[in-house]
Amino acid sequence: MDEPIRVLVTGAAGQIGYALVPLIARGHLLGANQPVILHMLDIPPCADSLKGVEMELLDGAFPLLRGIVATTDVVEAATGVKVAVMVGGFPRKAGMERREVMGKNVTIYKEQAAALDKYADKSVKQRGAEIIKARKFSSALSAASAACNHVYNWLNGTPEGTWVSMGVYSDGSYGVPAGLIYSFPVTCKSGEWEIVQGLSIDDFSRGKMDATAAELLDEKNLADSIIKGT
Ligand SMILES: NC(=O)c1ccc[n+]([C@@H]2O[C@H](COP(=O)([O-])OP(=O)(O)OC[C@H]3O[C@@H](n4cnc5c(N)ncnc54)[C@H](O)[C@@H]3O)[C@@H](O)[C@H]2O)c1
């Protein structure tokens, strides 16, 4: 068997995190032969529930799970990780403005991205929770399962002749503004993704795609303005 890979899940005491960590421990993220050391990060008020998640994982005796780092310290969480699944964040509550909730989450991701940049394994693959949000899953279980499939395909490759939908940087393909994170048909090989070109798009899909692009552009501009403090 291979050397264990350190995988970080942020917000591991939350709904998606709780559903996600056993999937990772079972090999659904990195494959059935890849041992993992799970790093789980949450905030101090959730330290007790995080401990509970750790205890459940230990009771589960997953053969691929070679260690657990359950912590509220972002540096400890980021140190040595190769894959980061960032689902920790602040949910939008009744009466909250979009700008307010995005402000909180942008600050969280900025801090965690900086820690990953400094302390993670240099080949770290990060994928923001924004992807999960953008795809509007109706339940934490399906969100956790989709996040697993996503990273699995990304790192292990898509089977020859098939493709998957993945939220990736737009290079302007299919008329989607460059720089947006947008769901495209992609093939993956050796940890790299490539947008499938040349698919035909009917008028109905074109309209939906343009509306989605406009919405995402709006969110991107809002996040940019929060980061720049304007
Ligand atoms: N559950 C869903 O179906 C769904 C659907 C769409 C979007 N989302 C979004 O995905 C994210 C996760 O969803 P969830 O249902 O697991 O939410 P949740 O509220 O159950 O869990 C979020 C977890 O993130 C933790 N957290 C907050 N700030 C953190 C920080 N700075 N560092 C580390 N952890 C932090 C929280 O303490 C909590 O445990 C949320 O932002 C949510 O709005 C969820």
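- Looking at an unreviewed UniProt entry, one finds the protein chain named malate dehydrogenase and attributed to Chara braunii.
- Turning to the protein chain, the UniProt record has this under Sequence similarities (unreviewed entry): "Belongs to the LDH/MDH superfamily. MDH type 2 family."

**Examining the packing of helix α1 (residues 15-25) against helix α6 (residues 140-156)**
A pair of packed helices is captured by two measures, namely the crossing angle of their axes and the spacing between those axes.
Now for step 1: Direction vectors running N to C along α1 and α6 enclose 45 degrees, while the axes themselves pass 8 Å from each other. The orientation of α1 relative to α6 falls into the category oblique. The crossing of α1 and α6 is right-handed. Only Ala140, Leu141, Ala143, Ala144, Ser145, Ala147 and Cys148 of α6 make contact with α1, whose side of the interface consists of Gln15, Ile16, Ala19, Leu20, Leu23 and Ile24.
Now for step 2: In the contact of α1 with α6, the residues fall into 11 nonpolar, two polar and no charged.

**Overview of the site of the ligand**
Now for step 1: The local shell around the ligand holds 20 residues, among which Gln15, Ile16, Asp42, Val87 and Gln112 are the closest.
Now for step 2: Here an oxygen atom of the ligand and a backbone polar atom of Ile16 are 2.8 Å apart.
Now for step 3: Between the ligand and the protein, one listed contact pairs a nitrogen atom with a side-chain N or O atom of Gln112 at 2.9 Å.
Now for step 4: Among the elements of the structure, α1 and α4 (98-119) are those that each provide at least two residues to the shell around the ligand.
Now for step 5: Residue classes in the shell around the ligand are distributed as 10 nonpolar, eight polar and two charged.

**What to know about the sheet that holds strand β8 (residues 192-195)**
Now for step 1: One open sheet holds the three strands; their spatial order is β6-β7-β8, and the pairing between them is antiparallel. The open sheet is flanked by β6 (164-169) and β8, the only strands paired with a single partner. On average, each strand axis in the sheet is tilted by 65 degrees relative to the strand beside it, whichever way the strands run.
Now for step 2: Looking at chain direction, β6 and strand β7 (residues 181-189) are connected through six bridges and run antiparallel. Across the sheet, the residue bridging to Val168 is Tyr182, located in β7.
Now for step 3: The sheet strands contacting α6 are β6, β7 and β8, and the helix crosses β6 at an angle near 80 degrees.

**Quick word on the pattern of salt bridges**
Now for step 1: Under the definition given, this model contains three salt bridges.
Now for step 2: With a closest N to O distance of 3.6 Å, Lys220 and Asp224 form a salt bridge. Taken as a pair, Lys220 and Asp224 lie in helix α7 (residues 203-227) at a separation of four residues, close to a single helical turn.
Now for step 3: On the basis of relative accessibility, which here comes to 34%, the residue Lys220 falls in the partly exposed class.
Now for step 4: Residue classification places Asp224 among the partly exposed residues on the basis of a relative accessible area of 26%.

**Here's the deal with the environment of Thr71**
Now for step 1: In this fold, Thr71 is placed in strand β3 (residues 65-71).
Now for step 2: Sequence separation of Thr71 and His39 is 32 residues, and the distance between their C-alpha atoms is 7.7 Å.
Now for step 3: When sequence neighbours within four positions are dropped, the list of residues in contact with Thr71 reads Met40, Leu41, Asp42, Leu50, Glu76 and Ala77.
Now for step 4: Within polar-contact distance, the side chain of Thr71 engages the backbone nitrogen of Asp73 at 2.9 Å.

**Some details on the pairing of strand β4 (residues 83-86)**
Now for step 1: On β4, burial covers both faces: Val83 and Val85 on one face and Ala84 and Met86 on the other are all buried.
Now for step 2: Pairing between strand β1 (residues 5-10) and β4: four bridges, direction parallel. Within the sheet, the bridge partner assigned to Thr10 lies in β4 and is Met86.

**Observations regarding α7**
Now for step 1: Between its terminal C-alpha atoms α7 stretches 36 Å, which fits the 36 Å expected from 25 residues at 1.5 Å a residue.
Now for step 2: Listed as buried for α7 are Met209, Ala213, Leu216, Leu222, Ala223, Ser225 and Ile226.
Now for step 3: The positive-phi residue at the C-terminal boundary of α7 is Gly229, with phi of around 70 degrees.

Criteria and cut-off values
- Per-chain numbering applies: the sequence of each chain, read as written, is numbered from 1 onward.
- Restriction of local features to residues with pLDDT of at least 70 applies here, the model being predicted, together with a cutoff of 80 or more for giving and counting side-chain atom pairs; totals for whole chains, interfaces and linings are based on all residues.
- Calculated side-chain values reflect all of the structure's heavy atoms, with hydrogen atoms and water omitted.
- UniProt positions are given in the numbering used here, feature names are shortened, and annotations may be inferred rather than shown by experiment.
- Interaxial angle, 0 to 180 degrees, is taken between N-to-C directions of lines fitted to C-alpha atoms, where a helix line uses only the stretch in contact.
- A run of DSSP states H or I qualifies as a helix once it reaches four residues; a run of E qualifies as a strand once it reaches two. Both are numbered from the N-terminal end.
- Roughly parallel means an angle under 35 degrees; roughly antiparallel, over 145; roughly perpendicular, 65 to 115; everything else is oblique.
- Each crossing gets its hand from how the near helix is turned against the far one by less than a right angle, where anticlockwise is left-handed and clockwise is right-handed.
- Only heavy atoms matter for contacts: two residues are in contact if any of them lie within 4.5 Å across the pair.
- Three classes are used: nonpolar for Ala, Val, Leu, Ile, Met, Phe, Trp, Tyr, Cys and Pro, charged for Asp, Glu, Lys and Arg, and polar for all others, with Gly counted as polar.
- Nearness is defined per residue: one heavy atom within 4 Å of the molecule or strand is enough.
- Any N or O atom pair separated by 3.5 Å or less is treated as a polar contact, with the protein-specific requirement of one donor-capable and one acceptor-capable atom, and with residues adjacent in sequence counted only for side-chain atom pairs.
- A strand pair is defined by DSSP finding two or more bridges across the two strands.
- Salt bridge, as applied in this entry: a Lys or Arg side-chain nitrogen positioned within 4 Å of an Asp or Glu carboxyl oxygen.
- Type-normalised accessible area, obtained with a 1.4 Å probe on protein chains alone, sets the label of each residue: buried when under 20%, exposed when over 50%, and partly exposed for intermediate values.
- Multiplying 1.5 Å by the helix residue count minus one yields the expected span of that helix.

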